[in-house]
Amino acid sequence: LLFSSLLFSSLLSRNTKKKKALHHRYTHEHTTRAMLTTTTMSTTGSSSSFVSIETKRMINYTKQNATTMRKKDTGRREIGVAVAAQHRRRARERVEEMNMNNNHNVNRRRGLTHSSSSSSSRGRERVIMSAGFSLSKLTSVLKKKTQSDFDRVISGTSKTREKLSYMDEVLGLWRLEDLDDTLDELEETLLSVDFGPKTAGKVLDTIRELVEDGKIKTGEDCKRALKETIVNILVNDGGDPTKMNVSEDEKIPTCVLIIGVNGGGKTTTIGKLSNWYKNAGAKVMMVPGDTFRAAAAEQLQTWADRTGAIMSKSPPNTKPGAVSYKAVDEAITMGDIDVILADTSGRLHTNLDLMDELVGVKNSIKKREPSMPHEVLLVLDGTTGLNMLNQAREFGQQLGVTGIILTKLDGTARGGAVISVVDEMKIPVKFIGVGETMEDLQVFEPISFVDALFPEEEKDA
């Protein structure tokens, strides 16, 4: 705007000079004509009064034109000065507005305080005291469970629960004399839903010890102890699924890297995760890091439109590592991004070259910002059952998985594999997918999940 005002003033000055030159030329011509008329009249013997009147008339006409031109020039100069001043004022206002926006973005991320936690907690907890995204608000959203959420988990685990229902028949015939046979049948039932031999054996060894200690005397006692043992595995080994790692620096957004094998549902899961963060007041950026699958970026754009997130700029024919690096740089430069959700291409855990490429993506992110990624979430397809255990091992060793998202539980009877993965990998399951809609990505809550697998029988009044 400043440049435009200067250019306008320059053009106005040049135009004024041209008009002054034309005016002087016009005045000179009329003055010359008056002198010629005077000379001619004198030569022919005309009266001096006529010459004098004609000369005065031409001189007055010239003076009037000169006065008019000066007034017009003065008016134009005043208008030009006013316009230039108006442009400069608008430019200053625009600069001040940009500075105010930048200060607002910085202050939005600086609104932090540190509060002391209990003696059993880890040091000091970061609490964001802003009107937008906050760690406390995210935790509150993740912990908030409604009846409709529980109904979704119940519906999504119906196939696994149907197989486990045989356990009620076995426990209905409970007799201490038949303990070994009863435990064998319980083990077969757990294995049928992919609990895994190691985990199933661990659960039943606990049951046997409780029976020997006299703490289990009936089938109902056995079912109650079975559920408590499974919940203890999920809680003690998996930790609190509602605790999400976030950036410790107010100027650095939280980065979540999503990984997994082909067809596990990573892109769809990113869209549903974006909805969770949006509900916590976060501004989300999605990174189209899956550069191999056709239309992956378009699918991610659709989810961004649905959840109000923004897409990072991804030039065509760019390598995944470069896409992620540029996206992190863009988010940090913008200053108002709270969460980065980085998509990746599906990788078979048995292909070492592809796994190395995925490690390269993580290193590219870390190269731009050493504290990133703050979360590495592994998406596992629930329909693969215990096969997901091998995937979890390989991805965990290569990339340091911090949490698991289990998808497609509504389409499988192998939901018991969740317990096996947590038991062996000591990695928390943070979300489970029990349907197609955004609300069907549920925070994994161990007690609700176990209640859905082993519901209490309704007693007749």
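Undergrad: Explanation requested: the packing of helix α9 (residues 219-238) against helix α15 (residues 417-425) in the structure shown.
TA: Following both chains from N to C, one finds α9 and α15 inclined at 45°, their axes separated by 9 Å at the closest point. On the basis of their axis angle, the class for α9 and α15 is oblique. For α9 against α15, the interelement crossing comes out left-handed. Facing I230, I233, L234, D237 and G238 of α9, the residues of α15 in contact are I419, V422 and D423. Split into classes, the residues belonging to the contact of α9 with α15 amount to five nonpolar, one polar and two charged.

Undergrad: Sorry if this is basic, but what is going on with the nonpolar core here?
TA: Within soluble globular proteins, side chains that are nonpolar tend to cluster in buried spots. Among the nonpolar cores identified, the biggest contains 73 residues, and I230, I259, F395, I419, I432, F449 and F454 are the most heavily contacted of them. Take this core: its biggest share by element is seven residues, from α9. What I432 contacts, discounting residues up to four positions off in sequence, is V153, L406, L409, D440, L441, Q442, F444 and F449.

Undergrad: Would you take a moment to explain the side chain of D440 for this structure?
TA: Considering the arrangement of structural elements, one finds D440 in the loop between β9 (429-433) and β10 (441-443). Exposure remark for D440: the relative accessible area of 11% places this residue in the buried category. Look past the residues within four positions of D440 in its chain and what remains in contact with it is R152, I432, G433, V434 and G435.

Undergrad: Looking at this model, I keep getting lost on the environment of G403. Mind explaining?
TA: In this structure, G403 sits in strand β8 (residues 403-407). Residue G403 is classed as buried on the basis of its relative accessible area of 0%. Each C-alpha atom of the pair G403 and V429 lies 5.8 Å from the other, and the pair is 26 residues apart in sequence. Ignoring sequence-local partners within four residues, the contact set of G403 consists of V376, L377, L378, I427, P428 and K430.

Undergrad: Please explain the pairing of strand β6 (residues 339-342) as it appears in this structure.
TA: On a regular strand, one side chain projects to one face of the sheet and the next to the other, so that they alternate. The alternating pattern of β6 places V339 and L341 and I340 and A342 on opposite faces, both of which are buried. Judged from the four bridges that link them, strand β3 (residues 254-260) and β6 form a sheet pairing that is parallel. Within β6, the residue paired with C255 across the bridge is I340. Note that strand β4 (residues 284-287) and β6 share four bridges and pair parallel. Bridging from a neighbouring strand, V287 pairs with A342 of β6.

Undergrad: What's the story with the packing of aromatic side chains in this structure? I'm lost.
TA: How two aromatic rings sit relative to each other is given by the distance of their centres and the angle of their planes. One pass over the structure, following the stated rule, counts two aromatic pairs. Consider the rings of W276 and F431, whose centres lie 6.0 Å apart with planes at 55°: the pair is tilted. Of this pair, W276 sits in helix α10 (residues 266-279) while F431 sits in strand β9, placing them 155 residues apart in sequence. Note on accessibility: W276 and F431 belong to one class, buried. The interplanar angle of 55° and the centroid separation of 5.1 Å between the aromatic rings of F444 and F449 together place this pair among those described as tilted. With respect to burial, F444 and F449 carry one shared label: buried. Over the face of the ring belonging to W303 we find R306, whose NZ or CZ atom lies 4.3 Å from the ring centre.

Undergrad: I keep staring at a negative patch on the surface and nothing clicks. Help me out?
TA: A surface patch of negative charge is lined by D205, E209, E212 and D213. For D205, the location among the structural elements is in helix α8 (residues 197-212). We classify D205 as partly exposed; its relative accessible area is 47%.

Undergrad: Help me out: how do you make sense of the packing of helix α14 (residues 387-399) against α15 in this one?
TA: Helix packing for two helices is described by the angle between their axes and how far apart those axes are. Running from amino to carboxyl end, α14 crosses α15 at an angle of 30°, the nearest separation of the two axes being 9 Å. The angle between α14 and α15 places the two elements in the roughly parallel class. For α14 against α15, the interelement crossing comes out right-handed. Seen from α14, the contacting residues are M388, L389, A392 and R393; seen from α15, they are A417, S420, V421, E424 and M425. Of the residues belonging to the contact of α14 with α15, the class tally is six nonpolar, one polar and two charged.

Undergrad: Looking at this model, I keep getting lost on helix α11 (residues 296-307). Mind explaining?
TA: Since one α-helical turn is 3.6 residues long, residues separated by three or four positions face the same way. In a regular helix each residue adds 1.5 Å, so 12 residues correspond to 16 Å; α11 covers 17 Å between its end C-alpha atoms and thus fits that length. Those residues of α11 that sit buried are A296, L300, W303, A304 and T307. Down the axis of α11, the buried side of the element spans an arc of 105°, and every buried residue falls inside it. Exposed side chains of α11 directed beyond 90 degrees from the buried face belong to E298 and D305. Residues of α11 that are buried sit in contact with α10, β4 and β5 (310-311). One or two residues past the end of α11 sits G308, with phi positive at roughly 80°.

Undergrad: I keep staring at the side chain of T344 and nothing clicks. Help me out?
TA: With respect to the secondary-structure elements, T344 resides in the loop between β6 and α13 (352-368). Accessibility expressed as a relative area gives 2% for T344, which makes it buried. Within the local environment of T344, its side chain forms a polar contact with the backbone oxygen of I258, the two atoms lying 2.6 Å apart. With near-sequence residues (within four places) excluded, T344 lies in contact with L257, I258, I259, K266, G289, D290, L358 and V361.

Undergrad: Looking at this structure, how should I read the sheet that holds β8?
TA: Strand pairing within a sheet occurs via backbone hydrogen bonds; the two strands may be parallel or antiparallel. With respect to topology, eight strands assemble into an open sheet ordered β5-β4-β6-β3-β7-β8-β9-β10, the strand pairing being mixed. Single-partner strands in this sheet number two, and they are β5 and β10. Most of the contacts of α11 go to β4, to which it runs at about 170°, and overall it touches β4 and β5.

Calculation rules
- Residues numbered from 1 in each chain as written.
- Predicted model: local features only at pLDDT ≥ 70, side-chain atom pairs only at ≥ 80, totals over all residues.
- Heavy atoms only, no water.
- Axes fitted to C-alpha atoms, helices over the stretch in contact; angles between N-to-C directions.
- Helix = DSSP H or I, 4+ residues; strand = E, 2+ residues; numbered from the N terminus.
- Parallel < 35°, antiparallel > 145°, perpendicular 65-115°, else oblique.
- Left-handed = near helix turned anticlockwise from the far one by under 90°.
- Contact = heavy atoms within 4.5 Å.
- Nonpolar A, V, L, I, M, F, W, Y, C, P; charged D, E, K, R; others polar.
- Core = buried A, V, L, I, M, F, W, Y, C linked by side-chain atoms within 4.5 Å.
- Buried < 20%, exposed > 50% of the residue type's maximum accessible area, 1.4 Å probe, protein only.
- Pairing = 2+ DSSP bridges.
- Phe/Tyr/Trp six-rings, centres within 6.5 Å; stacked < 30°, edge-to-face > 60°.
- Lys NZ or Arg CZ within 6 Å of the ring centre and 35° of its normal.
- Patch = residues over 30% accessible without salt bridge, like charges linked within 9 Å, V, L, I, M, F, W, Y side chains within 5 Å.
- Areas by Shrake-Rupley, 256 points an atom, 1.4 Å probe, with all protein chains shown as cover.
- Salt bridge = Lys/Arg side-chain N within 4 Å of Asp/Glu carboxyl O.
- Lys, Arg positive; Asp, Glu negative; His and termini not counted.
- Charge placed at Lys NZ, Arg CZ, Asp CG, Glu CD.
- Expected span 1.5 Å × (residues − 1).
- Arc of directions from axis to C-beta.
- Polar contact = N/O pair within 3.5 Å; in protein donor to acceptor, adjacent residues only side chain to side chain.

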